[in-house]
Structure formats: C-alpha cells, structure tokens
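If you want the building blocks of each chain, they are given just below.
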Amino acid sequence: MTTMTLAKALNSGLRRAMEDDEKVLVMGEDVGTLGGVFRITDGLLKDFGDDRVIDTPLAESGIVGTAVGLALRGYRPVVEIQFDGFVYPAYDQIVSQVARFHFRTQGKVRMPMVIRIPFGGGIGAVEHHSESPEAQFVHTPGLKVVTCSNPADAYAMIQQAIRADDPVIFLEPKRLYHSTKGEVDESATPPPLWQSRVVQAGTDATLVAYGPTVSTCLDAAAVAADEGRSLEVIDPRTLSPLDLSPVFDSVRRTGRLVVVHEAHLTLGMGAEIAARVTEECFHSLEAPVLRVTGYDTPYPSARIEEFYVPDLDRVLDAVDRTFGF
Amino acid sequence: MTTMTLAKALNSGLRRAMEDDEKVLVMGEDVGTLGGVFRITDGLLKDFGDDRVIDTPLAESGIVGTAVGLALRGYRPVVEIQFDGFVYPAYDQIVSQVARFHFRTQGKVRMPMVIRIPFGGGIGAVEHHSESPEAQFVHTPGLKVVTCSNPADAYAMIQQAIRADDPVIFLEPKRLYHSTKGEVDESATPPPLWQSRVVQAGTDATLVAYGPTVSTCLDAAAVAADEGRSLEVIDPRTLSPLDLSPVFDSVRRTGRLVVVHEAHLTLGMGAEIAARVTEECFHSLEAPVLRVTGYDTPYPSARIEEFYVPDLDRVLDAVDRTFGF
Amino acid sequence: MTDPVFGPAPQQATDDLELVQLLTPEGERVDHPVFGREFSADQVRGFYRDMTLVRRLDIEATALQRHGELGLWPQSLGQEGAQIGAGRALSPQDFGFPTYREHGIAWCRGVDPVRLLALFRGVDQGGWDPFEHNFGIYSIVIGSHTLHATGYAMGVQRDGAVGTGDATRDTAVVAFFGDGATSQGDVNEAFVFAASYNAPVVFFCQNNQWAISEPSERQSRIPLYRRAQGFGFPGVRVDGNDVLATYAVMQAALQRARDGQGPTLIEAYTYRMGAHTTTDDPTRYRLSDDVEQWKLKDPISRVEAHLRSNGFADDDFFGEVAAEADALGERMRRECHALPDPAPRDIFAMVHAEQTAELAAQQAVFDAHVASFEEVAR
Amino acid sequence: MTDPVFGPAPQQATDDLELVQLLTPEGERVDHPVFGREFSADQVRGFYRDMTLVRRLDIEATALQRHGELGLWPQSLGQEGAQIGAGRALSPQDFGFPTYREHGIAWCRGVDPVRLLALFRGVDQGGWDPFEHNFGIYSIVIGSHTLHATGYAMGVQRDGAVGTGDATRDTAVVAFFGDGATSQGDVNEAFVFAASYNAPVVFFCQNNQWAISEPSERQSRIPLYRRAQGFGFPGVRVDGNDVLATYAVMQAALQRARDGQGPTLIEAYTYRMGAHTTTDDPTRYRLSDDVEQWKLKDPISRVEAHLRSNGFADDDFFGEVAAEADALGERMRRECHALPDPAPRDIFAMVHAEQTAELAAQQAVFDAHVASFEEVAR
Ligand SMILES: Cc1ncc(C[n+]2csc(CCOP(=O)(O)OP(=O)(O)O)c2C)c(N)n1
Ligand SMILES: Cc1ncc(C[n+]2csc(CCOP(=O)(O)OP(=O)(O)O)c2C)c(N)n1
Ligand SMILES: [Mg+2]
Ligand SMILES: [Mg+2]
C-alpha cells in the first residue's frame, strides 16, 4: 500500500504494463525525454529505450495512424494525446480506423490500443486544453471508453486497458493528476474494468459521476448528509460499455437521479443515462433524471471557468429539484 | 409549383442562393465539372464559373479550413463533403475552428458557412458511405445542424442555411435524393429554419423523425391508422437548436413518444430528446420514451443493411411497446 | 517563367522527362542507366499471364456489377502494368496496404478474386485475412492506410527485420494509393513519420491522371514523385504501363527499404481507362481522345508485342492464357452468385474482441424481433 | 551515404549553407546575391526599437506570469529578429495568421500588448478585432490556421486583389507557424491548396529548433525550407536572428504573392531562448551550452553593434528606447491588473451570431441560479 498522486499511479501502472509485456509501446508528443507535459511517462524512456517510448512528430493523425500499423504488426501501442482539444486531428483515424478494424475484418484483426487523453477543465488553461470529448467516443461503436477518478483505479485501469484486446479511449481527469492523492495497493486484484462502482451508499437520491466530477459529488453527498439527506454516488468508470445495473438498482430504491459531468449538456453522457434509466426504471422514478453539466457553449476563458464546471452548489440544487417533482 | 426530386430541389436552391448573393461559393471534391457525385451542383460551374464553383484537392480538412479563410475574407462558402464517412478528416476544423470563431472573438468574427453532407444508409454502398454523424455535430456548441426530409424543405432550407450568419451543418438524406419527388413552390415563404414541423397530426402516440426516417414514420402512421391507432409525426428539421415545443405539446396529449433515427442508439438524438421530453413532460408520460435506431455497431454490409436501418416494423413494434407500460 | 528572386519556377506536372521505361508502347526493350535489367522470357510470360487474368477479373466484375450482382466496382482497367509490376516485386514477408483498386496487387498476394467480389457485393467489408496474405484489406478513406503502412514499418524495425541481410527476413512495407490521395494530410504525415524514423516503407502512387473527375494537376502542379524531395527521401516516376520498368523500380525501392535505407516514393504514371467506378460517367469530364491516346500505351499489348516479336511466346501460350482467363471468369460468375449473405445477427458479435453486455443485449432484442416475425410468418 | 539507385541521400537538417544573411552576429553588414539590399539608418533604428520593445513586452509578461497574473505565457525571447523582420515587411492591406508566440508580429500589426495579456490571463480567448489589424487572433491548434490563411488568400484572388500593380491594393497573406507545425496534415494540405490555386500566401515558419521538447530533426531530416520543393513552390532559409535578412526575404516573398506569383515558404532559422511556455522546464531536454551558443547570435545585440559601429545611433537613442521600454513595461503591469474579468453570463450570447432559444433558456437558468446565491448572500 503506497500513497501516491493520480499522475504517479498512472506512471506506475504504465511502467508495470511495460514490464509485463514487451509489446507495449508508449508514443506521443514529448512523452520521451520530457516524460510528457504532465510527466505521466516520466522515466520510461530511460528504462525502456526509444524503441518502446517514442517521441513522435507533431501530428495526431499520424500518431494514431502509425499506432494502428504497429498494432497490426503485433504491438500494443499506448498513445498519449497531449490535451483533449488535440484529439480531433486524429478523430478520423480513431472513429473510422481504430474503432472498426475488428468489425470490418470479422474479427480477423484485433486492435489492442490505448489512447490516453487528459481531459476536463479547472486548470486555468487557454482554449482547447479543457475539453470533455467523451460523448463523441461513446457514440462510436467499436471503442471502449473508460475514465478513472482516483489513484487506485488509475493504477489498475491503465493496466487493464492495455491488456484489453480492444481499443480503449482512456480519459484522465487532468485537474486531479497532481492534486489528488490516494492509497494504491499494487498487489490487490482490481474489479473488472467494465464494472461500475458504488462509491458511496445512500438512500434518498442517486448521483452518477465519473472522472473529475466524482469528488464534487462526494463533497455534495457530505454536505447533503449534514442536511439529513443521504445520497448514493456511483462512478460508472467505464462509459462504453455502460454498466448501469447498479444505477438501476439504486434508482429503484431512491427514485431520484442526477447525472453530473463537465461535458456539454446536449448529448452528453447524461442524456444516454437519463434515457436508459427512464426506460428501465420508469415506474420507480419520482422525478425525471436531472443533469448537471457544462453548458452548451464552448469551454470559457479561465477567469470564469468556475461558473462553467459543475460545482457543489449546482449538484445540490439539482438534488433539491428532484425532490420538487 | 413544380414537382422535383430532392436532388433537384437542392440544386435549384443552391442556384438561387448563388444568384441572390455573389459572395456565395460552392466548393468540394468533384462539385465542378462533374456536378458532384450526386449531381447536386450540376450546372453551377457552367453558369457561375470556377471562381465560385471550386473543385478542390482531395483533402477534407483542407476544404473546410480554406472555407474558413474564405469566410474570413467575406465569402459565404457552401462546402460539399462527398459522403458522410469522409467528414471526419475535417472534424478538427469543424469542431475547433468553424464552430468557435464567433465565440472566441466575442462575435467579432462571423462564420457564415454551410457544410453539406449526404448522410444515412439504404443505398447499398460500401463502408463509410452510409453514416449518420449528426450527434457529433449536435454535441458541438457553435454549430447549427439541420436536415431536410422532402423537396420543398430542401429547396427552402438550403437557402436559409446559406443566408444564416452562423455555420450550419446541412445533412441531406441521400437515399431520398433521386427517389423522392415533391411539389416545390419557389415563391412561397418558408417557415423559419429553426422550427419543427408537425408532419401529421395524431392523438395516440407521437413519433419524432428527421431526414430519411420521416417517410418511414409516415408509412408507419398509415399502417397504424388502418389498425385504428392515430400517430402524430413530428420532424424537428433542425437538430441543433432543437425546437421541441411541438413535441412537448404532442406528448402532453399522447403520453407516448418514439424517436426514430438511423444513427446509433447510444448518444444518438433519441437520447437527448428522451431526456428533455422526460424532464419537461414527466407527469404526462404513460411510458418511457422509446428509441428505434441504428444499433451500436458500425453500419453493416449492404446485403444486410435492411436489418439495420429502422423500418416500419420496428417503429410499429416500439409504438406497441409504449402501450405496454 | 523564371522568378528573379526565388529561382526557376517549378516544372509542370506534364513534364515526364524522368519517366523510367524499359519497354516502349511498341514492345521494344530499351535500357535505363539506373534501373535497366534483364528479364527471363519466363518472367515476362508470367507478367503477361498475370496482367491478362487480372484484366479478365476486372472485366468480369464490371459485368457482374452491370447484372446487378455487385453494388459497385472500381475498375483497374489499364493499370495492370503498374499493379503486376509492383505486386510481383514483393517478397512473401513484405506487407502491402492497398486502397480499393489494387486488384492486381491482391492477385499477386494470392487473394482469391471472389473475395474481392464479396466486398463489392456487400457480403462483407473486406473478407480476407490480412495476415494470411501479408496484404491489408481494401481501404476506403483515402490516404488513411498510408499511416498504417508506416506504423507497420516502424514495427518491422522494432522486430529487427531490416538490414540483416537475410533475404527471407528483411521486410519492406508498401502503401498503395492514388494521385488524389497525395493531397490528404494523412499521406503527408505518413511521409513525415517515414522520413523521421527512416521506416522501411515504399509509397507506391498510381497516378492514373484522375481522382474521379479531377485531373491530377488539381492535386499538384509538379510531377508527384517530386513530393518526396520535400520530405527528404527519394522519389521516382516510372511508366506504370510498363510492367518491366515498374517491376525494376519497385524491386529497387523494396530492397532499399529492406536494407534499412528508408522510404521511397514511386509514382507509377498510368491511366484509368475505365470509369472511376461503375457508377461514374467519365464522359462528363474527359475527352475520349485522351482515352484513345492512352489505348496506344496499353500495358498488355506491349508485352504481347514484345513476346511475339522476340519469339518468347507462341499462339499456344496465348491460347492457354486466354483459356485460363475464360475459366477464371466462369468461376467468378459462379462463385459470386453462390456467395452467402452474412447473418444479420452476427454484426453484434463482430464489434469487439471481448463482447460487451450491452451489445449482447442488443443482439437478444434483435433476435426476439426477428423471431416475432418468423412467428407471424408461420 | 549515396544510394546507388536513387541518388544522393538528402542533406541533413543541420546543413545551413543556404542561410540568407545580411548582418552577421557581430553586427557586420554582408551582401547577398539575391536578397542584398540597402537599409536606411532610420529603418535599422526602427527595427532596433521594435525588437527592444517586444523583448521587454515578453519579459514583462513572463514576470506577470510568475506573479500569478497570467495563467501562462509563451516567450518570444530570441525570436525578435524573425518577427520584426517579417512583421515590418507587411503592408497594411496584407493579412497575417499567427500561432501563439507571434508577439512581435502582433506588435507590428498594432495590437496592444495588453490584449495579448488578456488571452493568457484567461480574460478572453483572443480579444482583438482581426479586421481592425488585418491580423488574426492567436491560434492554438497547431497548423490549423495555415489553411485559414490559404483560404483567405483564395478570397483575395477572387477579389481581384493580386497582380494589379496597385501597391495599396495587391494583397499578400501570411501564415506564421513553427517547425513542429510542419508535421501536421493541415499545414501540408495548405501547401497543396496554395500551390494548386497559386494563392498569394507566404508560409513563414520560425524554426526555433524545438517543438516543446522535441528537436526539429524529429519533424524533418532535411532543412525545412526544402519542403516547399515537393509541392512545387520556392522555399528559402533565412537567418531569423538577422532582422535585415528576414525583412528582405519576407519583402520579396510578399511581393511575389501580391504580384500573383503564388506561394513561398520561408524558414526563419532561429532559437527559442526561453522555455516553451512558462510551465515548461527546458533543462529536462536541452543543454545550456546550446543556449549559450545561440546567445552569441542574439538578434538585438547585432543590430546594436551595427548601429554603434557605424555611428547610426548614439547613447541618447539607446537611452530613449530603454525609457520607452520601461514605460511599456510599467503600462503593461498596470493595465494587466486592471483587465476586467468577463461576465460569466455573456458566454451564452457569444456562441452564435443569431441567438437560439436553447441557449437563451440556459442563460436564464444560469441567471436564476446566480440570483439564488445572491439572495442567500443578502
Ligand atoms: C477521405 C475521402 N474523401 C473522399 C472520398 C471519395 N472518393 C473516393 S475515390 C476518390 C478519388 C480518389 O482518387 P485517387 O486517389 O487518384 O485514386 P483513384 O480512384 O484514381 O484510383 C474520392 C474523392 C474518399 N473515399 N475518402
Ligand atoms: C494539434 C496540436 N497538438 C498539440 C499541441 C500542443 N502543443 C502546443 S505547442 C506545441 C509545440 C509546437 O512547436 P512549434 O510548431 O515548433 O512551435 P513553437 O512552440 O516552437 O513556437 C505542442 C505540441 C497543440 N497546440 N496543437
Ligand atoms: Mg487517380
Ligand atoms: Mg518550434
């Protein structure tokens, strides 16, 4: 059991995966000598050499496209996209190539690739550095999409994603990289990658959150508890496929659900979760599923991002509103 | 009043827009001499010259990116993407540039651009020629997204989209191009672009469909009528922003809603419509909003596409199911 | 026009001074200072046979499309010289990444022509096993696969399969693409990566003069092979209708890659004699005169003339090949009709290597829906 | 190493034989057969003043970042020669598309340095009016704006604003980008489009040797200016630390564009003396020795040496410029602190030219939420 930051947990998980399987490669902009702009690949070049830790030219489509070729040759590339907003030049390769090789070849070709993307806001950055692009990937068949919210998950999930034989979009809540510390038990057996977790049990209403908003929801639950309201908090961890059965169970008990994410409201994860939960738990719902999300505007300038990113107040306010129906 | 195909209506609408405003340009692959692979730009090169009808190099990011520059210089580019599946190389330019210039410059820069995309399946094509990429654009703030389902709308909407000062993704249901004919009144005043239309009134359940699935729903409504069930069919026409008030009105009366689209289920338009309608009409709903959509698989091979594209039976089946709750 | 400040203007795309040729359109063998080489009569007969069979394959498929058996067919007519020359230069361990018109390459890689039909019949989306043939499935998004080729070549480097001197081990990778593709960002990024890592990849561009309706001058105002110079690796233009020259140039480029000398761009200068695909109408954008001119440069006739005038082949040989072509055509017709439709329910299982509960559930709903109709039907 | 088949291997990126230079690092004027030209003492003093003020601007902004007033700052330190040389060659009607480090170009286009601070303070996302300055706002997604420049240049062509001979009308467009950017598909597509339409655009690449931690050799193994050859237009490498040479080369390329002669690539060979941005730590990837070497080539010192040794400027002049720089620094500090935060509710109205009911509704919800807190606070 060691206490480490989320960044360090990812770094250790990557290292472990590279030790376990020599076909695992790390590639991206500045991942080598620099160790990545967030230092997630720190030290890997030194220990694994530049055949396995590849500083690439500055071209995201090129990075993902060559990673496809490396996967075809039997490698397991772990691609780093430097910031969420820079994944779009690689979008075509991801949705039309990475996601489809298995389908297109009726399973003759596998595409074991992990695309790591630091995502989300709250770091005071300029444009294109605070995006939450998960919905675009979740809408794309053939991709699996996961996101971690704490160091223990980060450590385990990155290894599980690398071991998976399908392409995985691995979203890392960048504002937690260095601010969140937690216990990591390197010898523990983690739960399956595709499994949700009830982070906190509760009885009055359910919150679903992932990545950076999990801690916001835990804070909200703590405040609500003081006010005598018991909130259950569930982290799906994997966004595609969605393991909603714990959410269904929860909503059948609580009758109220609020989904919280930073991505835009319209066609954000909340829409899908609302649609499915309503379909599944129609008669249990006391109120419609409410969503606390980023607005349908581009992510704003740093000085006002706090008004954009879902916070405790907006979450509690939504919970209140579910009791108003 | 003239009877014309949807393709011809678009062609006439484009011609009209080019006559009305000399800043309007048409650009894309094969739009000039060939008149486009679907002939939507047929004859325009001859009449407007190659300064205004531009055959471009084979590079979608280049097409959209140079269109941004032309818009900055005061032009109103109408870009043709040859097939839905080829819009992704331009995705970065669309979501990070086209969609954001207005926001980023606090309105100092406008981006009056139309990106025309033939979309949807049912034409027996090979991979990448039958995609329904609307959700990706609807999730992107700063874009407006519209789709026509009949010649009259096509004729009017393309002109309205070109006149709009905001970027518009204009989705054309390609399987209707040459198969659907309809009356077009070139002198009529069309309804506002951003307005839904109740295509057929009904009392028992509501169907929402757009683009290629509108006619499927009308067929379903006809069959249902024979069986004594009255279905209301609403075509939102514009997918972003969504004008759902007629849907809310309808659902308050019918209590039942089925959304039909070809795009994948997960985070397709149906998810958003379900979430909003449930929020707005919670106490009126007799059943959860159901979705009849493409599955969460890549679009399949042509020989089995009929099993993938929502058809009459699946729509009627879903309507039945809404009565089972 | 020469710019006084920046030097001579670049030459136009029509300039073909540097076209490598070993066999004239009339079937005469010529020499070339760099790529000149001998071919055995056997080898040339082999090329003739390959080209003739591939042409038949193409004609047959075109006919099948006309009869409604295929949704679409992209003709390789006229490009057999480029494709057989390139395809036959590959070693078994080399790996090729095609676009969608590389029927001749597929032929050389041992892909059954019926598998090509399957794709265009809509029975599958590329049904052969890339690893069985060391040949990727057809790729539709123009240019995207050039990056796959480059990445694969980076893998080859990591496997230590370049520059060992072992002819059965050293491996070259080829990306096949068209003149239109050279405008795509992906293709240029592939050039960047290939040069940066000195990857063992050959970029084989068939400049068939057209990208659907757009002439190759829309993509580049200088000969395309010169693009490579800008990225720091060699480019060469070869007469793509000359199977011998194409073979020789390709062979040299492949060897360069296998030896660890890095990437090469080959521009095979040829002509798309048919339509872009069976849904295209080339009379809308090009003159039949041009097509007539190119007929005179046909890749097969020149080899036939060469074989005949040198007594390398007699009527028996040509008769045998013709018979073989007939048999191939007949088999394609038969087996095309017999291609089974895929099972719709299988699409749910094809998405992932590890099936998800979500998709299994969608499959179950699908099954139930289909069953309900079967019930009704019964 | 020369390849026996494909000719000489391309030269390495370190070769700088073709570097255009008019002023040596020691401040000596040298001639150049093509780009040699005279400069008035006034002009050179102007360059000195510009460079000095821009350096101060940069130092001041860096300090403001250190004091927590800015979220981030990308330093232009060391690149003043390239930027002022290029920026001063522009005519008022020319249009420039910058990346994010072009503070010197912004300066020449009359953008108030405080507006630059606004962006990096997080007060806006690019707050000047591009049309007021004929200068686009900073662009963050590497390479994307090179296509905007090319498209804008296509618009200029359509407006008939090239080749008229009217010096106040003929218009050139410039895309400014870095060595790293040259690997992006967008930049290469911009080259394709610019060449295909012979658009009046100058591609001005500041090769400052680094893309964050990656040396420019990762992007190209030959000098970057040669990339243009592959696309059929001229490329030239200039000493970017030589403001005179940069001005001369840029001037010629702009004139070429305005005259309707099409695109040019300029590689301004320079060095990023600072960190990539204030959050970067360059000691992790480069040697301080290199930095020391480049200090000797400083763009400002050489102009100062030249001015002094030729008696073109005296201590008074240098004193005045220093005072002006102090005043600029002081104003920047003051006005940076005073930059007002944006109103959060305004974001809803900024998305579209024509507001939507949806966003108006979201704004109303937002207002109500904020109001409820104000209520609580009261
Ligand atoms: C990214 C992308 N854009 C557009 C298309 C549509 N398209 C199919 S083939 C083609 C022309 C290709 O020309 P070229 O590369 O010269 O190959 P050729 O067909 O001549 O063999 C186009 C535009 C596509 N397949 N992919
Ligand atoms: C598409 C994209 N990918 C990655 C980044 C992250 N990034 C910011 S600057 C930079 C390096 C740019 O290098 P160069 O083009 O040489 O410009 P310089 O910073 O040296 O001026 C990178 C990788 C980005 N901004 N955009
Ligand atoms: Mg071609
Ligand atoms: Mg740089």
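Residues numbered from 1 in each chain as written. Chains lettered and ligands numbered in written order. Predicted model: local features only at pLDDT ≥ 70, side-chain atom pairs only at ≥ 80, totals over all residues. Heavy atoms only, no water.

**Quick word on the overall build of chain C**
Per the secondary structure count, chain C includes 13 helices and nine strands. C-alpha atoms of chain C, sized along the principal axes, occupy 80 × 50 × 50 Å. Taking all 378 residues of chain C together, the buried fraction comes to 64%. Considering only intrachain contacts with a sequence separation of at least 6, the fraction spanning at least 24 residues in chain C is 74%. In the structure as shown, chain C presents an accessible area of about 12900 Å², 52% of it carried by carbon and sulfur atoms. Of note, chain C has its 33 positive side-chain charges centred 1 Å away from the centre of its 54 negative side-chain charges. (Helix = DSSP H or I, 4+ residues; strand = E, 2+ residues; numbered from the N terminus. Buried < 20%, exposed > 50% of the residue type's maximum accessible area, 1.4 Å probe, protein only. Contact = heavy atoms within 4.5 Å. Areas by Shrake-Rupley, 256 points an atom, 1.4 Å probe, with all protein chains shown as cover. Lys, Arg positive; Asp, Glu negative; His and termini not counted. Charge placed at Lys NZ, Arg CZ, Asp CG, Glu CD.)

**A few points about the packing of helix H10 (residues 299-309) of chain C against helix H11 (residues 315-338) of chain C**
Residue and element names in this part refer to chain C. Where H10 meets H11, the closest approach of the two axes is 11 Å, and the angle between their N-to-C directions is 150°. Classified by the interaxial angle, the pair formed by H10 and H11 is roughly antiparallel. Side by side, H10 and H11 meet where Glu304, Leu307 and Arg308 of the first sit next to Asp315, Phe317 and Phe318 of the second. Partitioning the contact of H10 with H11 into residue classes produces three nonpolar, no polar and three charged. (Axes fitted to C-alpha atoms, helices over the stretch in contact; angles between N-to-C directions. Parallel < 35°, antiparallel > 145°, perpendicular 65-115°, else oblique. Nonpolar A, V, L, I, M, F, W, Y, C, P; charged D, E, K, R; others polar.)

**A look at the relation of the copies chain A and chain B**
Between chain A and chain B, the superposition needs a rotation of 180° and an axial shift of 0.0 Å, giving an RMSD of 0.0 Å. When the rotation and shift are considered jointly, the pair of chain copies conforms to a two-fold rotation axis. (Least-squares fit on C-alpha atoms with pLDDT ≥ 70 in both.)

**A closer look at the coordination of the magnesium ion (ligand 4)**
In this structure, D:Asp179 (OD), D:Asn208 (OD1) and D:Trp210 (O) serve as the protein donors to the magnesium ion (ligand 4), at separations of 2.0 to 2.1 Å. Classification of D:Trp210 by relative accessible area gives buried; the value is 13%. (Donors = N, O, S within 2.8 Å, 3.2 Å for Na, K, Ca; no water.)

**A short note on helix H10 (residues 269-280) of chain B**
Residues and elements named next belong to chain B. Look at H10: 16 Å from first C-alpha to last across 12 residues, which is about the 16 Å you get at 1.5 Å a residue. Of all the 12 residues making up H10, 10 are buried; the element is thus mostly covered by neighbouring parts of the structure. Within H10, the full set of buried residues consists of Met269, Gly270, Ala271, Glu272, Ile273, Ala274, Ala275, Arg276, Val277 and Thr278. (Expected span 1.5 Å × (residues − 1).)

**Structural notes on the interface of chain A and chain D**
Contacts between the two partners involve 38 residues from chain A and, on the opposite side, 36 residues from chain D. Buried area between chain A and chain D, summed over both chains or domains, comes out near 3200 Å², and the portion from carbon and sulfur atoms is 60%. When the shortest N-O distance is used, the salt bridge between D:Asp341 and A:Arg303 registers 2.7 Å. The tally of links from chain A across to chain D stands at 12 residue pairs in polar contact (both at pLDDT 80 or more). Per-element tally for the side of chain A that touches chain D: the top contributor is helix H11 (residues 312-322) of chain A, with three residues. Its residues assigned to classes, the side of chain A that touches chain D comprises 17 nonpolar, nine polar and 12 charged. (Buried area = accessible area lost by both parts, 1.4 Å probe. Salt bridge = Lys/Arg side-chain N within 4 Å of Asp/Glu carboxyl O. Polar contact = N/O pair within 3.5 Å; in protein donor to acceptor, adjacent residues only side chain to side chain.)

**Comments concerning the site of ligand 2**
Around ligand 2 sit 20 residues, and of these A:Glu60, D:Tyr100, D:Arg101, D:Ile140 and D:Asp179 come closest. One chain alone does not account for the residues near ligand 2; they come from chains A and D. Between D:Tyr100 and ligand 2, the recorded distance is 2.6 Å, taken from a side-chain N or O atom to an oxygen atom. One of the backbone N or O atoms of D:Ile142 is found 3.1 Å from a nitrogen atom in ligand 2. Residue classes in the shell around ligand 2 are distributed as 10 nonpolar, six polar and four charged. (Near = heavy atom within 4 Å.)

**Quick notes on the nonpolar core**
Ranked by size, the top nonpolar core spans 403 residues in total, and within it C:Phe203, C:Met250, D:Phe203 and D:Met250 carry the most contacts. For D:Met250, the residues in contact, after removing those within four places along its chain, are D:Gly85, D:Ala86, D:Ala89, D:Val174, D:Phe176, D:Val202, D:Phe204 and D:Ile266. (Core = buried A, V, L, I, M, F, W, Y, C linked by side-chain atoms within 4.5 Å.)

**Describing the interface of chain A and chain B**
Of the residues lining the interface, 49 residues belong to chain A; the matching set on chain B comes to 49 residues. Summing both sides of the interface, chain A and chain B together bury roughly 4300 Å²; the carbon and sulfur share of this comes to 62%. A:Arg100 serves as the salt-bridge partner of B:Glu131, at 2.6 Å between the closest nitrogen and oxygen. Joining chain A to chain B, the criterion identifies 21 residue pairs in polar contact (both at pLDDT 80 or more). Ranked by residue count, the leading element in the side of chain A that touches chain B is helix H10 (residues 269-280) of chain A, at eight residues.

**A short note on the site of ligand 1**
Residues in contact with ligand 1 amount to 20 residues; listed here are only the nearest, B:Glu60, C:Tyr100, C:Arg101, C:Ile140 and C:Asp179. Per-site note: the chains with residues close to ligand 1 are chains B and C. Within the contact set of ligand 1, an oxygen atom lies 2.9 Å away from a side-chain nitrogen or oxygen of C:Asn208. The protein chains hide 95% of the 580 Å² of surface that ligand 1 would expose on its own. Tallied by class, residues from the shell around ligand 1 come to 10 nonpolar, six polar and four charged.

**A short note on the domain arrangement of chain A**
Residues and elements named next belong to chain A. Domain annotation of chain A identifies domain 1 (2-184) and domain 2 (197-323). Relative to domain 2, the C-alpha centre of domain 1 lies at a distance of 26 Å. In this complex, domain 1 contributes 27 residues to the contact, which on the side of domain 2 involves 22 residues. Of the roughly 1800 Å² buried between domain 1 and domain 2 on both sides combined, carbon and sulfur atoms contribute 53%. Seen at the junction of domain 1 and domain 2, the total is three salt bridges. Between Arg197 and Asp153 there is a salt bridge; the shortest N-O distance is 2.9 Å. There are 12 residue pairs in polar contact (both at pLDDT 80 or more) connecting domain 1 and domain 2. At the level of secondary structure, the elements contributing two or more residues to the side of domain 1 that touches domain 2 comprise helix H6 (134-138), strand E6 (144-147), helix H7 (151-163) and strand E7 (168-173). Residue contributions to the side of domain 1 that touches domain 2 peak at four residues, all from E6. When grouped by side-chain class, the residues that make up the side of domain 1 that touches domain 2 number 13 nonpolar, nine polar and five charged. (Domains from an automatic or database assignment.)

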